[in-house]
Amino acid sequence: MISEHHRSPNEMAYCNLKPTIDRTYPKGRFIAIHNQQVIGDAATLDELLAKLAAQGVDSKDCLAVQAGVDYPEFAYILLSRAKS
């Protein structure tokens, strides 16, 4: 069964922020969105996670994207289970 995905506030904010992110940051730069705002950027995901931790922000509460990357509007994730 495929369930409907409801966008988080950070996902909705990303749709609005994407043009600004793409103009402001080099392509491929990792960007963190929290409480509907860009709160950090870094060259690598590990660096971004370290910056978030230093700010006391739980990465689970953020949306991480890369500047200049077009993400699909939605995607289905299918789980496969090995037969016993």
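In the block above lies the structure referred to throughout.
Residues numbered from 1 in each chain as written. Predicted model: local features only at pLDDT ≥ 70, side-chain atom pairs only at ≥ 80, totals over all residues. Heavy atoms only, no water.

## Describing the overall build of the protein
- In terms of helices and strands, the protein carries two helices and three strands.
- Ordered by position in the sequence, the α and β elements of the protein form the string α-β-β-α-β.
- Total accessible area on the protein is roughly 6,600 Å²; 53% of this is exposed by carbon and sulfur atoms. (Helix = DSSP H or I, 4+ residues; strand = E, 2+ residues; numbered from the N terminus. Areas by Shrake-Rupley, 256 points an atom, 1.4 Å probe, with all protein chains shown as cover.)

## Some remarks on the environment of Tyr14
- Checked against the element boundaries, Tyr14 lands in helix 1 (residues 9-24).
- Sequence separation between Tyr14 and Gln36 is 22 residues, and the spatial gap between their C-alpha atoms is 7.5 Å.
- If we skip the residues at most four places from it in the chain, Tyr14 touches Ile21, Ile33, Leu63, Val65, Val69 and Tyr71.
- Polar contacts involving the side chain of Tyr14 include one to the main-chain carbonyl oxygen of Val69, which spans 3.5 Å. (Contact = heavy atoms within 4.5 Å. Polar contact = N/O pair within 3.5 Å; in protein donor to acceptor, adjacent residues only side chain to side chain.)

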